[in-house]
Structure formats: structure tokens, C-alpha cells
Amino acid sequence: MKKTIYPKIFCGYLIFGIVGFIVVSTFTSRITGNYIKKHESSSLYKEATIIASDYAVSYYNNDITLADFEERIEALDNYLGAQIWVIDIGGDILVNSEKKTDLLNLENIENFDIMDFGGKYYKTGTFYNYFQEEQLSVFAPISINYKVKGYVIIHKPMRSLSAYHFGLLNISYATLAILFLCALLLLILFVRSVILPMRKITRAANEYANGNFDQKIDVYSNDEIGYLAASLSYMANELKTLEEDQRKFVSNVSHDFRSPLTSIKGYVEAMLDGTIPPEMQEKYLNIILFETERLNKLTKSLLELNKFGKHGMMIDTSTFDINNVVKMTVRTFEGTCKEKRISFELILTGKELYVKADMSKIQQVIYNLIDNAIKFSHHDSFITVETTIKNEKVFVSVKDKGIGIPGDSLGKIWERFYKTDLSRGKDKKGTGLGLAIVKEIIQAHHENINVISTEGVGTEFIFSLPLYNKEDE
Ligand code: ATP
Ligand code: MG
């Protein structure tokens, strides 16, 4: 079974919850506990200082009576919820807010030593075992004439602080629970928007790898995942067309090789077994020669197209006179034209017209276009080859008054092996690769080629080339 990411995510989520709980119950608890203790002791300390510097001093100086002092302290006791003592240096409790003072029989804290506070103004504990439960005890010295006479000590039960502490901790737990829930929501969102689409994409990618390019990916989100799915679908589509093209190409090639080979085989066999008598053999040998030439041409064209490869062809740019190339190419057709009584009309711009391109390849383009024009022209017609300049470009046009190309074939003539039904009767030798080569060459130059044609009237091919500008040098 394939491993999925769910258990990992679930474990991560649980770990997040457990770690969160541990952090709140230990770290947060300790921090809030310490914070509450400090905060409480500092406010109690303020109270103790006020009592020490005000009431206690007044009491020591006999400005107020013991009863007055007790009464005030008791009121404060109620207000603070804490026990307030005035204790002397020896540990005698002079005043206790919760007990009436018996001056003759003072309570004493044995071993009382202010140094036990350890340099701080508060400490926690049962205060020399005086209390049953833990207290927060805060002291402030009573100084008269720069001499410490005793201390005001305020005791507050830790229990009252704990309640506050628990309250705060509960808020932390509640916050944690909300965060935990939010994380769950985020998790669900993550699973829905990332993991599920990813699964669909992976499934489709596997199908593509197995050659099934029809598999659809129904992920249409407007984000990276959506773009990924769209790119993958696009790629699958391209691969599918590529595969179809390749299949078509191979079947065309095999067909084009098979028919001449079959006819050659048939004639040779017939000659060998005497079906074709020796006096007739010359005629059939000529047919065999014709078919062999066709095969030769086909192989050459295929090799040519193959050379272009996937990344286009190498262009060997030079500066040359296009008018001259046109004239030279036209000359090579003189023989064929004489046979068909076809004449050429050359309308060339300037005496010389320089372009920057691959000369031998452009010569091949012009050759293929003129070859087509002658093949598909009627006897006694003429072909016009024209060069013009427009917007820093040179345009070369090859125009005939031949059979023309039907409208629905115009888009297909650039495809490999495509031949219109009209042309089949006129040219049996053609492979349908000439224009495919022409197109590749023009595209490799980053230029354009167009065709204008009317069935039964004629055809014009026009392509552009970069004009050579002396100022560019
Ligand atoms: P090859 O060029 O290999 O000899 P081909 O001439 O048949 O074969 P292309 O040059 O690729 O192949 O042309 C493809 C088809 O386009 C031709 O078969 C023909 O049907 C049509 N075509 C091309 N040029 C012309 C033209 N000038 N007039 C009429 N039809 C044309
Ligand atoms: Mg051709």
C-alpha cells in the first residue's frame, strides 16, 4: 500500500496539542504564578510601608492609642483580606489585626530573624510554623530616628492567590483549546486545498506516464496548485498531439516508401519471369528509374527535415544579394521551363538587394517555391518572381497562374506529406515535404511566409527577410 501523508499530519497535530498542554501546565503556570506572587507582594509591600511609616510610627510615638491603631489595622485587614502584624525585633507580636492585644501576654515568634527573608521583602511558607497553611508574608521596617524598632508584616494566604492563578491558567487552557480548534480548521483547509488536489494531480501524472493522455484533472483553483494542474493538462495535450503527429508521420513515411518499392518489385519480378518481354523492358526500367528517383528525393527530404531537429536548425547568416540568388535559381529551371513553354518575369528591386540570412537555405526556399510553381502551372503560362522592400524588410514573392490551392487546403500545405487532391494528377513525384522544409527554414530565420491562392487562378507565396543595412555595421 502506498504511504499517505495523513498519519504524519495527524501525529503533528497531536504533538502540537500535547506540547501546547505541557507548555501551559508547566511553563505558563510557573510564569503566571511568579507574576501573581510578585504583583501581590509588591502591592502588599506598599500597604505595609504606609502602615509602617504612618500608623505604626504614630503608635510608637504615642500619638494614637493602641485601640485606635488596632481599629485601623482591622479595617485594613478586612479590606486586604490579609492578616497584619506589628512585630518587634525580638519576635514579639505587638499588634495582630485578628486578635485583641494582651499587653501582658504577648505572642512570640521563636527564632524570628528578619534575615530569614533572604534580602527580599517577601517570602512564602507557614511563617515559623505559626500558620497551618502557606502564606505570602511581606514586611516593611518601622524606623524611628533612623533606628528599626520593629516590622509591619502582612500575611496573605497563598490559597487566595492560587484561585486567581487557576483563573488565569483556565484562560490559557481555553485559549489553547481555541488555537487547537483553529489548527484543526487550518488542517482541514490544507487537506482540501493541497493534499486532495495533489493526489488528483499525481494520479493524472501516473496516467500520462502510462500513455493515457485523456485523463482529466478536475482541479480548477486559482493558485499555484491550479496552475500546476493546468500546466500538466497542457503538457498532456501537447504530448498527445505530438504522439498523434508522430504516428501520422511514420504511417505517411512508410506509405510513401512502400508504394514505389512495391511497383519496383512488381516490374522487376515481371521482367525476371518473362511476363514483360525484353523489347518492352526499357519502358518499365524507366518507370523503375522514376520510382528510384522519387525514393531518393524522399530520403533526402526526410534527412533534411530531421537535421532541423527539435530546437530548430543552425543558421549560417551572411550578407548576400537576393536578386542574384533569384536569377541563379531561375536559371537552373531553364530546361524544365522550355519543355512546358513557361517563361519567367523577374521584377527585382534595385540592381543589387542585400539581405542578412543563410544563403544556401534561402536558395533552397526559392528553389522549392519555383519548383512548385512550375509543377502546378499549365503549359504556356508565366511565373513572376518579385523582390520588394517594405519597413526594413525584403519581401520575395513567387507567383504563378496555375491550378491554385483549394481554400480548405491552404492551412494544411505546410504539413509534412500533405498534397492537395488537385495536385496529385499533375505531380506524381512530389513527396509533400517541400513546403514543410520551406516553413522550417523561414521560421529559423524568425521571418514569415504567407500564401495567397485561388483555385483555378493561381498561387502566390511571399516571404520576408531582414534587409541588410550598412549603418548596422
Ligand atoms: P515536393 O516538394 O517534395 O516535391 P510537393 O511539391 O507535392 O512535393 P510541397 O512543396 O510541400 O510538396 O507542397 C505541398 C502541396 O501544396 C503540393 O502537393 C500541392 O498540392 C500544393 N501546392 C504547393 N505549391 C503550389 C502551387 N504553386 N500551386 C498549387 N498547389 C501548390
Ligand atoms: Mg514542392
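Here is what the cut-offs are and how they apply
Residues numbered from 1 in each chain as written. Chains lettered and ligands numbered in written order. Predicted model: local features only at pLDDT ≥ 70, side-chain atom pairs only at ≥ 80, totals over all residues. Heavy atoms only, no water. Helix = DSSP H or I, 4+ residues; strand = E, 2+ residues; numbered from the N terminus. Buried < 20%, exposed > 50% of the residue type's maximum accessible area, 1.4 Å probe, protein only. Contact = heavy atoms within 4.5 Å. Areas by Shrake-Rupley, 256 points an atom, 1.4 Å probe, with all protein chains shown as cover. Lys, Arg positive; Asp, Glu negative; His and termini not counted. Charge placed at Lys NZ, Arg CZ, Asp CG, Glu CD. Domains from an automatic or database assignment. Pairing = 2+ DSSP bridges. Axes fitted to C-alpha atoms, helices over the stretch in contact; angles between N-to-C directions. Expected span 1.5 Å × (residues − 1). Near = heavy atom within 4 Å. Polar contact = N/O pair within 3.5 Å; in protein donor to acceptor, adjacent residues only side chain to side chain. 1 Å grid on protein atoms, 1.4 Å probe; cavity = no way out; pocket = protein on both sides within 12 Å on 5 of 7 lines; lining within 4 Å. Sits in = over half its atoms within 2 Å of the grid points. Nonpolar A, V, L, I, M, F, W, Y, C, P; charged D, E, K, R; others polar. Phe/Tyr/Trp six-rings, centres within 6.5 Å; stacked < 30°, edge-to-face > 60°. Parallel < 35°, antiparallel > 145°, perpendicular 65-115°, else oblique.

Within the chain, the regular secondary structure consists of 10 helices and 13 strands. If you line up the chain on its principal axes, its C-alpha atoms span 160 × 65 × 35 Å. For the chain, with 473 residues in total, the buried portion stands at 39%. Sequence-distant contacts, at least 24 apart, represent 65% of the contacts inside the chain between residues at least 6 apart. Accessible surface, the chain as shown: approximately 28,800 Å² in total, 57% of it carbon and sulfur. Here the chain contributes 54 positive and 59 negative side-chain charges, whose respective centroids are spaced 9 Å apart.

What follows is about the side chain of Thr431. Tracing the chain through its elements places Thr431 in the loop between helix H9 (421-426) and helix H10 (434-444). In contact with Thr431, not counting residues within four places along its chain, are Asp256, Leu298, Ser301, Phe417 and Lys419.

Another point: the domain arrangement of the chain. Here the domain parsing of the chain yields domain 1 (6-164), domain 2 (224-308) and domain 3 (318-472). For domain 1 and domain 3, the distance between their C-alpha centroids amounts to 107 Å.

The next point concerns the sheet that holds strand S13 (residues 458-466). Spatially, S8-S10-S11-S13-S12 is the arrangement adopted by the five strands of the open sheet, whose pairing is mixed. On the outer flanks of this sheet lie strand S8 (343-347) and strand S12 (449-454), each paired with one strand and no other. With direction set aside, neighbouring strand axes in the sheet form an average angle of 15 degrees. Both strand S10 (residues 382-390) and strand S11 (residues 393-400) contribute to a ladder of seven bridges, which runs antiparallel. Considered in S11, the bridge of Ile389 is made with Val394.

It is worth spelling out helix H4 (residues 224-272) at this point. Over its 49 residues, H4 extends 70 Å from the first C-alpha to the last, a length consistent with the 72 Å expected when each residue adds 1.5 Å. Close packing links the buried residues of H4 with helix H3 (158-209) and helix H5 (281-308).

Once that is clear, we can look at the site of ligand 1. Ligand 1 sits among 23 residues. The nearest are Lys297, Lys375, Ser423, Thr431 and Leu435. Measuring from a nitrogen atom of ligand 1, one finds a side-chain N or O atom of Asp400 at 2.9 Å. Leu435 places a main-chain nitrogen or oxygen 2.7 Å from an oxygen atom of ligand 1. Relative to its unbound accessible area of 600 Å², ligand 1 is 98% covered by the protein chains. Because more than half of its atoms lie within 2 Å of the grid, ligand 1 is assigned to the largest pocket. Listing elements by their share of the shell around ligand 1, those giving two or more residues are helix H8 (359-375), H10 and S13. Here the shell around ligand 1 gets three residues from one element, more than from any other, and that element is H8. For the shell around ligand 1, the residue count by class is nine nonpolar, nine polar and five charged.

The next thing to look at is the packing of aromatic side chains. Each aromatic ring pair is summarised here by two numbers: the centre-to-centre distance and the angle between the ring planes. According to the stated counting rule, one finds 23 aromatic pairs in the structure shown. Arranged with centres 6.2 Å apart and planes meeting at 15 degrees, the rings of Phe16 and Phe180 form a pair that is stacked. Taken together, the residues Phe16 in helix H1 (residues 6-60) and Phe180 in helix H3 connect sequence positions 164 residues apart. On the basis of an interplanar angle of 75 degrees and a centroid distance of 5.0 Å, the ring pair of Tyr130 and Phe131 is categorised as edge-to-face. Overall, the relative accessible area of 25% leaves Tyr130 in the partly exposed class. A relative accessible area of 12% places Phe131 in the buried class.

Where H3 contacts H4, the two axes come as close as 10 Å, and the packing angle between them is 10 degrees. Considering their axes alone, H3 and H4 lie roughly parallel with respect to each other. On H4, the residues that touch Ser193, Val194, Pro197, Met198, Ile201, Ala205 and Tyr208 of H3 are Ile225, Leu228, Ala229, Leu232, Ser233, Met235 and Ala236.

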